[in-house]
Protein chains: 2
Amino acid sequence: MTINVSPLTREFVAALDAADPLAPFRDQFHVPEGVIYLDGNSLGALPKATPDRLAQAIRHEWGSALVRSWNTAGWYDMPRRLGDKIARLIGAQPGEVVVADSTSVNLFKVLAAALKLNPGRRVIVSEPDNFPTDLYMAQGLIDLLGNQHELKLVRAEALVEAINDETAAIMLTHVNYRTGYRHDMVAITAHAHARGALVIWDLAHSAGAMPVDLSAANADFAIGCGYKYLNGGPGAPAFVYVAQRHQAGFSQPLSGWMGHAQPFEFDWKYRPAEGIARYLCGTQPVLSMIALESAVDLMLTANLVEIREKSLRMADLFVRLVEQRCAGHGLELVTPREPEKRGSQVCLRHPEGYPIMQALIARGVIGDFRAPDILRFGFTPLYLRYVDMWDAVDILADILNTRAWDQPAFKQRAKVT
Amino acid sequence: MTINVSPLTREFVAALDAADPLAPFRDQFHVPEGVIYLDGNSLGALPKATPDRLAQAIRHEWGSALVRSWNTAGWYDMPRRLGDKIARLIGAQPGEVVVADSTSVNLFKVLAAALKLNPGRRVIVSEPDNFPTDLYMAQGLIDLLGNQHELKLVRAEALVEAINDETAAIMLTHVNYRTGYRHDMVAITAHAHARGALVIWDLAHSAGAMPVDLSAANADFAIGCGYKYLNGGPGAPAFVYVAQRHQAGFSQPLSGWMGHAQPFEFDWKYRPAEGIARYLCGTQPVLSMIALESAVDLMLTANLVEIREKSLRMADLFVRLVEQRCAGHGLELVTPREPEKRGSQVCLRHPEGYPIMQALIARGVIGDFRAPDILRFGFTPLYLRYVDMWDAVDILADILNTRAWDQPAFKQRAKVT
């Protein structure tokens, strides 16, 4: 469906909600009164089932059953069990995903693995605009390994050309955190493989936002985030995917006891577990894992194709409304218009992006700002309505028309933006 | 105080509780009915304040304030704020501790740092009986660095001799997880420094169990666990201590964005934060951190000297009762008797240790088993009573006298022991 009505009206937009097959999901989330939440790509909203699930775990599993819950409540198996659930959202097979640690730590594991699998090659290719922590982790690993590798940063349009027979690994975020640009996972993976390179996909802005098919792309490694589109709660544990064919050849360097073949034999010598479990390291934060599992269980009841369709339609609607209502205020669309080239967000550039975003937040429209000049709006189809697009742009237009953003209070930078 | 009464009676033991200055703390914990919990050294009990604190955080900080809570609820500062609180429990200075990741991951950071600070030296000294994950992480790092280093494992009595001018770092758990043996932190650290080596102390079985004074010991690095004596909940995040003098010289290899000088500038190049913050890596599991902070806040209201006194007295009582009531059943005391040589646990060896422990657990006396033959009983003075020692040994004696442990159900090994 494309939107052909012009000019758009709130009535028309409300009719889209009335026909939306995902509309009932909104009631499964805690959506605060007076807030239009366009930042679920930074921190997903709270599923209504989560507080009770967690309260039960705290009082009964921890409080009453205590240490026995490692066996009886399935805590020990959680990283694998939850990994298998997330596998279903990203086109992976059972036994190819575990949930553990942070995205950053997981990147370190798979990048070390990729370099070990491609020992003769010294170049890691990525983008200067990749999410910084991925670049930082690569720098840390390269430094640790004695600076024998090079991190080569090239812009998206030059990527294909940059991959050659020196390339050990390509490290890309599927959907760019700042611009919303989406890479062609199938084409890049195939191109890299043809040149003997391995690919690490960061799915931080993809998992739960759209169908992803790692198996169909013949992907090597992937990592991803639990607290964005998966709604796992602040700082929720991350996941790591390793294609089954790459699991046996080596063990990753963060070789903690939870990745050991027999952790409770307490042997002094590390012996990696078979399969994806060797990508575990230490003991995982169970309470945060339970919140994530509660959210993933909800996500598994939704249809990712419908999520994707609604996400694209919301973004189109948002852009058209901005063009219709905010023209002449210097906003520039950064996100590509082609559906296949974008994720589930819209980014607008404006020299006064920071105070404009603060003014929006003060009026209950929560997006975020990404330095140096990006206003970022994320679309989470399970708990957003089409009318939220209308109302958000209504407030944005008002802020621009009245210059409500032009206040010292909105220009003072917070620690976290 | 030493216990001179013989034979001991339950009345005498109950009188110890009546005079116990820490007795009121028990009411601050959820202690399940019918359970004598001697496994707080594996998973600490639930503080009563934690469920409400966490429920409030979930509903209001996450649910209602959403992403804004990174600033307004102090989520962003939590690793440092909570680190400064834990610093007070281990004799560290403000700015020397952060809470993040797992003990295993933190060991990797500080071991990499120690090797970088001692570049000409190739030996890492530890014990074969150190907690395995510490040994496993060292093996992973050594392998990653191309096997130029050697992990030399020597028994406690040979440690001093093993430290020489080839030693880069010594890596020890202050209190042994299995035997309860406690190292002399001051003497070993001084001896290592005299030979130009650095020391990493794992405080997993010390923090919250006894006074620890890293500053007085002139310690270099330490790591520790949030879910044992600190009562932070299953898999709670861990902490890492780096003496201020060692912070500026290098940055650790797990260089994620939370350790960057300006994470929200989103620069492509890693530039470590000043001070201990550079030991952060990715985004932390906020819900699990909040549970830990709630527990640490409670711990800070207790007196660690009183905790240590009660812990030693409970252990003495337990051992005397075992000797009085369980003689002739082949139990052998593993933990040293000298107070300065032990932590907050008592370990007994028995060839049928596994089924005996399962029989105890079935009767509500929860300790744990450590392969190959150790029954482990941990003492947590904030929520245990002296009469619990009496009642636990009463049940143990009955199990031994009736051979109640000799059943197939008790011999079947669980995944987590």
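Described in the following lines is the structure provided in the data block. (Residues numbered from 1 in each chain as written. Chains lettered and ligands numbered in written order. Predicted model: local features only at pLDDT ≥ 70, side-chain atom pairs only at ≥ 80, totals over all residues. Heavy atoms only, no water.)

## What about the overall build of chain A?
Check the secondary structure of chain A and you find 13 helices and 15 strands. Relative to the 2.2 N^0.38 estimate, which gives 22 Å for 417 residues, the radius of gyration of chain A is 22 Å and therefore close to what a compact globule would have. Expressed as lengths along the three principal axes of its C-alpha atoms, the size of chain A is roughly 70 × 55 × 45 Å. Expressed as a percentage of the 417 residues in chain A, the buried residues total 65%. Look at the contacts in chain A between residues 6 or more apart in sequence, and 73% of them connect residues 24 or more apart. In the structure as shown, chain A presents an accessible area of about 14100 Å², 50% of it carried by carbon and sulfur atoms. (Helix = DSSP H or I, 4+ residues; strand = E, 2+ residues; numbered from the N terminus. Rg over C-alpha atoms; globule rule 2.2 N^0.38 Å. Buried < 20%, exposed > 50% of the residue type's maximum accessible area, 1.4 Å probe, protein only. Contact = heavy atoms within 4.5 Å. Areas by Shrake-Rupley, 256 points an atom, 1.4 Å probe, with all protein chains shown as cover.)

## As for the sheet that holds strand β14 (residues 368-370) of chain A
All names here are of chain A. Pairing is antiparallel in the open sheet, where four strands are placed in the order β11-β12-β15-β14. If you trace the sheet from one side to the other, it starts and ends with β11 (332-333) and β14, each paired once. Where β14 and strand β15 (residues 374-378) come together, three bridges link them in antiparallel fashion. Note on β15: the bridge partner recorded for Phe369 is Leu375. The strands that helix α10 (residues 304-325) touches are β11, β12 (345-349) and β15; relative to β12, the one it contacts most, it runs at about 25°. (Pairing = 2+ DSSP bridges. Axes fitted to C-alpha atoms, helices over the stretch in contact; angles between N-to-C directions.)

## A look at the relation of the copies chain B and chain A
Superposition of the two copies of the chain requires a rotation about an axis and a shift along the axis. Take chain B, turn it by 180°, move it 0.0 Å along the axis, and it overlays chain A with an RMSD of 0.0 Å. Here the copies are linked by what is in effect a two-fold axis. Taken together, the interface assignments show that 100% of the residues at the interface of chain B recur at the interface of chain A, consistent with an identical surface on both copies. (Least-squares fit on C-alpha atoms with pLDDT ≥ 70 in both.)

## A short note on the sheet that holds strand β15 (residues 374-378) of chain B
Residue and element names in this part refer to chain B. The antiparallel open sheet is built from four strands, whose spatial order is β11-β12-β15-β14. At either end of the open sheet lies a strand with only one pairing partner, and these are β11 (332-333) and β14 (368-370). Taken together, the five bridges between strand β12 (residues 345-349) and β15 define a ladder with antiparallel strand orientation. The partner of Arg349 across the bridge, within β15, is Ile374. Where helix α10 (residues 304-325) meets the sheet, it contacts β11, β12 and β15, and its direction lies at approximately 25° from that of β12.

## Focus on helix α4 (residues 78-89) of chain B
Residue and element names in this part refer to chain B. The first and last C-alpha atoms of α4 sit 17 Å apart over twelve residues, in line with the 16 Å expected at 1.5 Å per residue. When we look at burial in α4, the residues that qualify are Met78, Pro79, Leu82, Gly83, Lys85, Ile86, Ala87 and Leu89. Count one or two residues on from α4 and you reach Gly91, which has phi positive near 65°. (Expected span 1.5 Å × (residues − 1).)

## Considerations on the interface of chain B and chain A
Chain B puts 87 residues into the contact, and the matching count from chain A is 87 residues. Summing both partners gives a buried area of about 7400 Å² for chain B against chain A, and 69% of it is carried by carbon and sulfur. Area buried by chain B at its contact with chain A is led by B:Trp62, B:Tyr136 and B:Phe266, which between them contribute 11% of it. Put simply, chain B and chain A have six salt bridges between them. Note that A:Asp77 and B:Lys415 form a salt bridge whose closest N and O atoms lie 2.7 Å from each other. Between the two partners, chain B and chain A, sit 31 residue pairs in polar contact (both at pLDDT 80 or more). Those elements that provide at least two residues to the side of chain B that touches chain A are β3 (46-47), α2 (49-64), α3 (69-72), α5 (103-117), α6 (132-144) and α9 (286-299) of chain B. Ranked by residue count, the leading element in the side of chain B that touches chain A is α6(B), at ten residues. (Buried area = accessible area lost by both parts, 1.4 Å probe. Salt bridge = Lys/Arg side-chain N within 4 Å of Asp/Glu carboxyl O. Polar contact = N/O pair within 3.5 Å; in protein donor to acceptor, adjacent residues only side chain to side chain.)

## Details of the environment of B:Asn231
Residue and element names in this part refer to chain B. Mapped onto the fold, Asn231 is located in the loop between β9 (221-224) and β10 (239-242). Between the alpha carbons of Asn231 and Ser42 there is a distance of 9.7 Å; along the sequence they are 189 residues apart. For Asn231, the side chain forms a polar contact with the main-chain oxygen of Tyr229, separated by 3.3 Å.

## Concerning the pairing of strand β10 (residues 239-242) of chain A
All names here are of chain A. What you see with β10 is no split at all: Phe239 and Tyr241 on one side and Val240 and Val242 on the other are buried throughout. Sheet topology places strand β4 (residues 97-99) next to β10; three bridges connect them, and they run antiparallel. Looking at β10, one finds that Val98 is bridged to Val240. Of the pairings in the sheet, the one linking strand β9 (residues 221-224) to β10 comprises four bridges and is antiparallel in character. Paired with Gly224 across the strands is Phe239, a residue of β10.

## Some points on the state of the cysteines
Per the stated rule, a full pass over the model turns up zero disulfides over all chains. The structure places no disulfide on A:Cys281, whose sulfur is separated from the nearest cysteine sulfur, that of B:Cys281, by 11 Å. Note on A:Cys281: relative accessible area 0%, which makes it buried. Here B:Cys347 is not cross-linked by a disulfide; its sulfur's nearest cysteine counterpart is in B:Cys326, at 16 Å. (Disulfide = S-S within 2.5 Å.)

## Comments concerning the pairing of β15(A)
Residues and elements named next belong to chain A. Taken across its five residues, β15 has five buried, putting it largely inside the fold. Residues of β15 alternate between two faces, with Ile374, Arg376 and Gly378 on one and Leu375 and Phe377 on the opposite face, all of them buried. Taking the residues between adjacent antiparallel strands as the criterion, β14 and β15 are bridged by three residues.

## Brief notes about the side chain of B:Arg376
Residues and elements named next belong to chain B. Note on placement: Arg376 falls in strand β15. For Arg376, the side chain forms a polar contact with the main-chain oxygen of Tyr177, separated by 2.8 Å. At 2.7 Å, the side chain of Arg376 forms a polar contact with the side chain of Asp368.

## Observations regarding the environment of A:Tyr241
All names here are of chain A. Of note, Tyr241 is situated in strand β10. Using a relative accessible area of 2% as the deciding quantity, one classes Tyr241 as buried. For the pair Tyr241 and Met299, spaced 58 residues apart in sequence, the C-alpha to C-alpha distance is 19 Å. Here the side chain of Tyr241 touches Ala219 through a polar contact of 3.2 Å, landing on its backbone oxygen.

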